[in-house]
Amino acid sequence: MSDQTVLHVKGRVLVGPEEVKDELWVVDGRISYERPRAEAVTVRGWALPGLVDAHCHVGLDHHGAVDEATSEKQALTDRDAGTLLIRDAGSPADTRWIDDREDLPKIIRAGRHIARTRRYIRNFAHEIEPDDLVAYVAQEARRGDGWVKLVGDWIDRDAGDLTACWPREAVEAAIAEAHRLGARVTAHCFAEDSLRDLVEAGIDCIEHATGLTEDTIPLFAERGVAIVPTLVNIATFPALAAGGESRFPKWSAHMRRLHENRYDTVRAAYDAGIPVFVGTDAGGSLAHGLVAAEVAELVKAGIPPIQALSATTWGAREWLGRPVLEEGAPADLVVYEEDPRADVRVLAGPRRVVLNGRVIG
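Residues numbered from 1 in each chain as written. Predicted model: local features only at pLDDT ≥ 70, side-chain atom pairs only at ≥ 80, totals over all residues. Heavy atoms only, no water.

Enquirer: Any chance you could explain the overall build of the protein chain here in plain terms?
Expert: The helix and strand tally for the protein chain stands at 12 helices and 20 strands. At 20 Å, the protein chain has a C-alpha radius of gyration in line with the 21 Å of a compact globule built from 361 residues. Across its three principal axes, the protein chain shows a C-alpha extent of roughly 70 × 40 × 35 Å. Evaluated residue by residue, the protein chain yields a buried proportion of 56% over its 361 residues. In the protein chain, the proportion of contacts linking residues at least 24 apart, taken out of those at least 6 apart, comes to 65%. Both charge centroids of the protein chain, one from 42 positive and one from 58 negative side chains, sit 2 Å from each other. (Helix = DSSP H or I, 4+ residues; strand = E, 2+ residues; numbered from the N terminus. Rg over C-alpha atoms; globule rule 2.2 N^0.38 Å. Buried < 20%, exposed > 50% of the residue type's maximum accessible area, 1.4 Å probe, protein only. Contact = heavy atoms within 4.5 Å. Lys, Arg positive; Asp, Glu negative; His and termini not counted. Charge placed at Lys NZ, Arg CZ, Asp CG, Glu CD.)

Set out below in structure tokens:
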């Protein structure tokens, strides 16, 4: 399609969970609900806002930062799966060049992970001690797009298990500094021990959140702290546990328990009113393009399909401050053969992907 081509999307336009329109037009790359005078190319089906992966790592693989060609392949894989908005939850690579590419997903960056010294995956994070946490949070708040990413817990080799990485006073000061600079803060947390301090310190989101308990779930709900469960990543815990069994049996048993309870944990969080959003954790050891699988996992955990769908569309975009299918918004949308509200597995097979008003592929 040329830049001047007018697109007519006809069928069912899912403006919101309950609001459905029969058609929309794309004119000069933006959505319009007024019929233009120009002739249009018609696409038929069920239209959704471009999907959101709220925990993804473009520019990263299991070794660390990757080159631009590899980053491009990652972003293209996500785009072709219908993911048109990514919250990049930590990357050591500079991916700002993607912002100039109208054929690649839009990215909201959280800067580089901030971890305790020797308490995270090698080459991923700034590895520092607590006295430096405020300064590094301020640095990444300025480099990111309104988010900062901490590593809240990781295996402590002396303890042989997951333990919290930061003293309470350090995270309180760091989160306050991020908020002063206009950034929200999220943290990687597998275990139970770090959660209360982080939430009471004012954190905005927790990644994975497998350590939620009946004691901390009400606290999350009261404070409105969101979670991004990354269930497609939590599925790898048994293999990780098996690999560490001989050296860290306590950690391995802990990881298995967190895995066994994963669906109950997510459902309990949702039932308590905690905001839940879709994220895949692609880019470390996981492949890109798994957003549909993650939505299906949320449904398997017991979240109603329409809410699981919202967690990657309307609700996720509102949370991140980005538009949906509203008048004048950038035309970022995905068209499907069938109604994804009836069966979220439909998300795995986009009929058309429209990004910045252009049909992709």
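Enquirer: Would you mind showing me how to read the pairing of strand S8 (residues 83-88) here?
Expert: Taken residue by residue, a regular strand's side chains alternate between the two faces of the sheet. Within S8, 6 of the 6 residues are buried, leaving the element largely enclosed by the surrounding structure. One ladder, built from 4 bridges, connects strand S5 (residues 51-56) with S8; its direction is parallel. If you follow Cys56 over to S8, its bridge partner there is Asp88. Judged from the 4 bridges that link them, S8 and strand S9 (residues 106-109) form a sheet pairing that is parallel. Bridging from a neighbouring strand, Arg87 pairs with Ile108 of S9. (Pairing = 2+ DSSP bridges.)

Enquirer: Where do I start with the pairing of strand S19 (residues 352-355) in this structure?
Expert: Two elements, strand S18 (residues 333-336) and S19, share 3 bridges in a ladder whose sense is antiparallel. Bridge pairing in S19 links Leu333 to Val354. Pairing geometry for S19 and strand S20 (residues 358-360), over 3 bridges, is antiparallel. Residue pairing across strands places Leu355 opposite Arg358, the latter belonging to S20.

Enquirer: Just checking my understanding: could you explain the packing of helix H2 (residues 133-143) against helix H3 (residues 168-180) for this structure?
Expert: Each pair of packed helices can be summarised by the angle the axes make with each other and by the distance between the axes. Look at H2 against H3: their axes get within 9 Å of each other, and the N-to-C directions meet at 25°. Classified by the angle their axes make, H2 and H3 are roughly parallel. By crossing handedness, the relation of H2 to H3 is classed as right-handed. The residues of H3 that touch H2, namely those facing Leu133, Val134, Val137, Ala138 and Arg142, are Ala170, Val171, Ala173, Ala174, Glu177, Ala178 and Arg180. The class makeup of the residues in the contact of H2 with H3 is 9 nonpolar, no polar and 3 charged. (Axes fitted to C-alpha atoms, helices over the stretch in contact; angles between N-to-C directions. Parallel < 35°, antiparallel > 145°, perpendicular 65-115°, else oblique. Left-handed = near helix turned anticlockwise from the far one by under 90°. Nonpolar A, V, L, I, M, F, W, Y, C, P; charged D, E, K, R; others polar.)

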